Amino acid sequence: MALPLLAFLILFPLFIAFLVLFVRKEAFFAVIIYPAAVILIVATCFLLGLSAGGSPTLIAVHAGWVEPLMLVVEVLAAIYLLFLAIKQRDWTVSALVIIQTVVLLGFHFSRAGEVHTRAELFIDVFSVMMGLVVGIVGTLIAVFAVGYMRDMHHHQHEIPDGRRVFFSIIFLFLSAMFGVCFSNNLSWMFFFWEITTVCSFLMIRYKGDATSVKNAFWALRWNLLGGLAFLIGIIYLCLTHHTIELDKMLALPKAWVMLPVALFCFAGLTKSAQLPFSSWLVGAMVAPTPVSALLHSSTMVKAGVYIVLRLATSLEGTFVGLIVAFVGLITFLICSFICISQNDAKKVLAYSTIANLGLIILCAGIGSPQAVWAGMLLIVFHAVSKGLLFLCVGSIEHKLHSRQIEDMSGLIIRLPKLSVMLQIGIAGMFLAPFGMLISKWAVLRAIVDFNPFFALFLIYGSTATLFFWVKWLGKVITVEKDYKNEETGISLDQWIPMGILTALTVLICGLFSPFANILIEPYIVALYGREVTLGAGNMLIMSIMLTFIALFPLTFLPTRGVKMAKPYLGGANVGDGRQFRDSLGGVKPMHMKNFYMEEYFSETRLMRLGVIVTTVFLAAMLAAGGM
Amino acid sequence: MSWITGLAFVFFAPFVGGLIAGFDRKITARLQGRIGPPILQPFYDVGKLLQKDNLVVRRSQHLYTEFFFVLTIFTGALFFAGGDLLLVIFSLAMAGVFFALGGYKASSPYSFIGAQREVLQMVSYEPAVLLAAVGMYMVTGSFKVSVIAAYPKPLVMLLPGIFFAFFFILPVKFRKSPFDLSTSHHAHQEIVKGITTEISGKTLALVEIAHWYEYVFVLGMGYLFFASNIWLGLVMTFVIFELLLVVDNSTARVRWQAMMASSWIVALVAGGLNILYLMLRH
């Protein structure tokens, strides 16, 4: 039963990717993509019915043609990338592509028939959970993209309309993501992994201007470097332990697999844009917003943390694990600080994404049951809330023609529905009792047991998070001028995905207990033989808090005995109370601007610091893995 | 500790807190060579506020403040019911966020500045408070307030650095000098009246009462450091409060940069050294 479903999840998006290439009229994108999305979501939900347990169910694929086909695709992709890289005169990328292809071909032809794999695919609750994220959040974002891209091309004529390829890549990417989640054969996982890298590259350069192309190559460079590390890890594993299967590797004693684990972690760190590689993800924000939501926040970068979190048992208590945890922690701290000084909404989301991925990497590096539990929670909560936030910012940008947070004042009046969704998304990121806060709580508990000094860093990082989210939230509800409602022309295919994600943000929080019991607990029990909970009493308190929050909008309904007054402006109010007469008799409007503290939380300085520190530690990690 | 103490907090804390506030004003007056108002003055003030009109700049602005009130009570009740200390701190942050949002919502420049400063204040005290929870967990092995309170030795003996960091940020929570940036208690003002500029009448009364609740809650947290003996705890809580008044009357308000930097550095150094000590102890 499992094999047909997994095959469907991988092949069906591929089929759609092929189909949209032949769309001639704009309206047909919707005709193909909506039903495809519904089918994909339903199919993903069937994953839940598979009664996958905590320990993996291995699935053998008896098809000898798959691996040669993968090799052909890899070589073709390499030739294409090489062609583009040479045209761009990016010699680093060219060199990386050549090295990777040579190594890959050498490996395939020298060991052909040497390693026998018994199961190419597998399924357990963790991969089901990832599959749900990809299938539901990813597909919703794809639907949103239909409306968003339509708007974008109607407004910005200077961007060449490449939507057929765009949607094709989106679905190709979804297929590859399912592949990453369910591959047990590491060379299969590597194949899908590289496909996501190529998709990311093509999507970042979609707009075709110089910046986009430059940033695309920058992203490609780091991801290829990670891919190379991945490949070397596989080859090393194959040569020393004669296996390229994930489950077998995890069953080996920690000390035997330290180098491949370190290399896979390195690959995971590049893919999830941890320091010192973070700059590629920030640059990737030039891509259209659905791409940022799908690839660079909700799913692709999650592949990076997924692989590292998978290795948690091999990392627990090792030096490599300590370094991985430290890199994640530093990334969380530095990127949270940088968020404070950012005014560009997409940049805030980008940095906060990197920061939260850092938190998951931290959990993986610790590798204790509590930490892994918290890390898995973070993956889901972050995917939903951050996906929602990206989509909101995308729609807001189309309406306001700006994505500066300072321009979002009065959003509650100008775009009321969007602003409510934005507010729920933001609350989901940091406010009790929403998902991300539950997870941070769990992380804090896990980290104190691991190393209380790490907790110190976490505390400061999490304090910074509080700061930048509140000031954004505050800006949205502040009314500076006499605004009008401008919320028209946002299509239904943008509203529906955002609406569902908003509902999910609240729902997963409310249904947190059953959710954790079904999708996380079995994995932890199978792995460590014990359970992790936050305590029944605490869950009750969390639900009370959620009820409070849920009641808050209700208080808006009746307007009770209040008298309206003009604000105090320190001078005689003029007109509607948003202007005042100053001491020289002139009329001045009021302005309200947020704190950004550029002098303390400067992006360039903090990044430099973070890159230096983490580079040193990563070098130590690889050296330690080699010893 | 159980839900009964939590409930007791809900009903009696405002009276205790109001008395503390009255006492505070009396002592402060004496320190300044004045006679000062009667002890019950805070209650008279609030009683009068409750009769006044509720003036707002933006409709629904007061709802945020009302939610702050409810959440503050919830936070304290959770604490006195012996709940999870981390959860208490998150709930406290949630209350603070709503208070700040009320200031933003008012859409008046002065309350906007006040709200920003309120957030800065939260950012300043958050590390020290979370560190206190971490330190208490390291000593007692639990985040539950009831377990921490039952620890046989005074926690302050093992957590002197963390206690210092906690004491350092107390003026923030008590809205006292040198850290009363977002809004001030006294006749002297801070950028008009900061976050409470546009809050009036019944809503302002709620802010005052919430503040009484906070008095009791924060002193309760201070009490935890001495909880092994109830008399020691009560005496030391009183001493903490007295010291706070002395600090209030002998310092001038600082700039926000100084507040943030000093509270972060104190928490980092004193708290960090304390954690190092606890780690080495094992």
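About the thresholds
- Residues numbered from 1 in each chain as written.
- Chains lettered and ligands numbered in written order.
- Predicted model: local features only at pLDDT ≥ 70, side-chain atom pairs only at ≥ 80, totals over all residues.
- Heavy atoms only, no water.
- Helix = DSSP H or I, 4+ residues; strand = E, 2+ residues; numbered from the N terminus.
- Rg over C-alpha atoms; globule rule 2.2 N^0.38 Å.
- Buried < 20%, exposed > 50% of the residue type's maximum accessible area, 1.4 Å probe, protein only.
- Areas by Shrake-Rupley, 256 points an atom, 1.4 Å probe, with all protein chains shown as cover.
- Domains from an automatic or database assignment.
- Contact = heavy atoms within 4.5 Å.
- Buried area = accessible area lost by both parts, 1.4 Å probe.
- Patch = residues over 30% accessible without salt bridge, like charges linked within 9 Å, V, L, I, M, F, W, Y side chains within 5 Å.
- Salt bridge = Lys/Arg side-chain N within 4 Å of Asp/Glu carboxyl O.
- Pairing = 2+ DSSP bridges.
- Axes fitted to C-alpha atoms, helices over the stretch in contact; angles between N-to-C directions.
- Polar contact = N/O pair within 3.5 Å; in protein donor to acceptor, adjacent residues only side chain to side chain.
- Core = buried A, V, L, I, M, F, W, Y, C linked by side-chain atoms within 4.5 Å.

A few words now on the overall build of chain B. Helix and strand content of chain B: 11 helices and one strand. The linear arrangement of helices and strands in chain B, starting from the amino end, is α-α-β-α-α-α-α-α-α-α-α-α. The C-alpha radius of gyration computed for chain B amounts to 18 Å, which stays within 12% of the reference 19 Å derived for 282 residues, consistent with globular compactness. With the principal axes as the frame, chain B shows a C-alpha extent of 60 × 40 × 40 Å. Each of the 282 residues in chain B was classed as buried or not, and the buried ones make up 65%. In the structure as shown, chain B presents an accessible area of about 10,200 Å², 71% of it carried by carbon and sulfur atoms.

With that settled, consider the domain arrangement of chain A. Note: interface size is frequently given as the accessible area lost on complex formation between the parts. Residues and elements named next belong to chain A. Domain parsing of chain A yields domain 1 (1-310) and domain 2 (319-553 + 570-627). Distance from the C-alpha centre of domain 1 to the C-alpha centre of domain 2: 25 Å. Residue-level contacts link 56 residues of domain 1 with 61 residues of domain 2. Roughly 4,800 Å² is buried in total at the junction of domain 1 and domain 2, and carbon and sulfur atoms are behind 79% of that figure.

Here the focus is a nonpolar patch on the surface. Residues and elements named next belong to chain B. A cluster of nonpolar residues, Leu19, Phe23, Ile39, Leu40, Tyr44, Val235, Phe238, Val239 and Leu243, forms a patch on the protein surface that exposes about 760 Å² of accessible area. For the nonpolar patch, the secondary structure elements donating two or more residues are helix H1 (3-31) and helix H10 (230-250). With four residues, the top contributor of residues to the nonpolar patch is H10. Considering the arrangement of structural elements, one finds Phe23 in helix H1. What makes Phe23 partly exposed here is its relative accessible area of 30%.

With that out of the way, let us pick up the pattern of salt bridges. Between side chains of opposite charge, a pair can form as their charged atoms come close. Residues and elements named next belong to chain A. In total, this model carries 23 salt bridges over all chains according to the counting rule given. Here Glu245 ties to Lys248 by a salt bridge, and the two come within 3.5 Å at their closest N and O atoms. A relative accessible area of 1% means that Glu245 is categorised as buried. Its salt-bridge partner being Glu486, residue Arg414 comes within 3.4 Å of it at the nearest N-O pair. Of this pair, Arg414 sits in helix H18 (residues 411-414) while Glu486 is found in the loop between helix H21 (452-477) and helix H22 (492-510), placing the two residues 72 residues apart along the sequence. Through salt bridges with shared partners, a single network forms among Arg118, Glu245, Asp247 and Lys248.

Residue and element names in this part refer to chain A. One open sheet holds the three strands; their spatial order is S4-S5-S6, and the pairing between them is antiparallel. Lying at the two open borders of the sheet, with one neighbouring strand each, are strand S4 (572-574) and strand S6 (587-589). Going from strand to strand, the sheet's axes swing by 40° on average, the running direction of each strand aside. Judged from the three bridges that link them, strand S5 (residues 579-581) and S6 form a sheet pairing that is antiparallel. Bridge pairing in S6 links Arg581 to Val587.

The next thing to look at is the environment of Tyr596 of chain A. All names here are of chain A. Along the chain, Tyr596 falls in the loop between S6 and helix H26 (603-626). The exposure class of Tyr596 is buried, given its relative accessible area of 15%. The spacing of Tyr596 and Val282 is 314 residues in sequence and 19 Å in space, taken between C-alpha atoms. Here Tyr596 is in contact with Ile340, Ser341, Gln342, Asn343, Ile405, Glu406 and Lys471, once residues within four sequence places are set aside. One polar contact links Tyr596 to Asn343, side chain to side chain, over a distance of 3.4 Å. A distance of 2.8 Å separates a polar atom in the side chain of Tyr596 from a polar atom in the side chain of Glu406.

Residues and elements named next belong to chain A. In this structure, Leu422 and Trp472 are the most contacted members of the largest nonpolar core, which totals 366 residues. Per element, the largest residue contribution to this core is 20 residues, and it comes from helix H17 (residues 369-400). Among the domains, domain 1 (1-310) and domain 2 (319-553 + 570-627) are the pair contributing at least three residues each to this core. When residues no more than four places from it in sequence are discounted, the contact partners of Leu422 are Leu389, Cys392, Val393, Ile396, Met408, Leu411, Trp472 and Val476.

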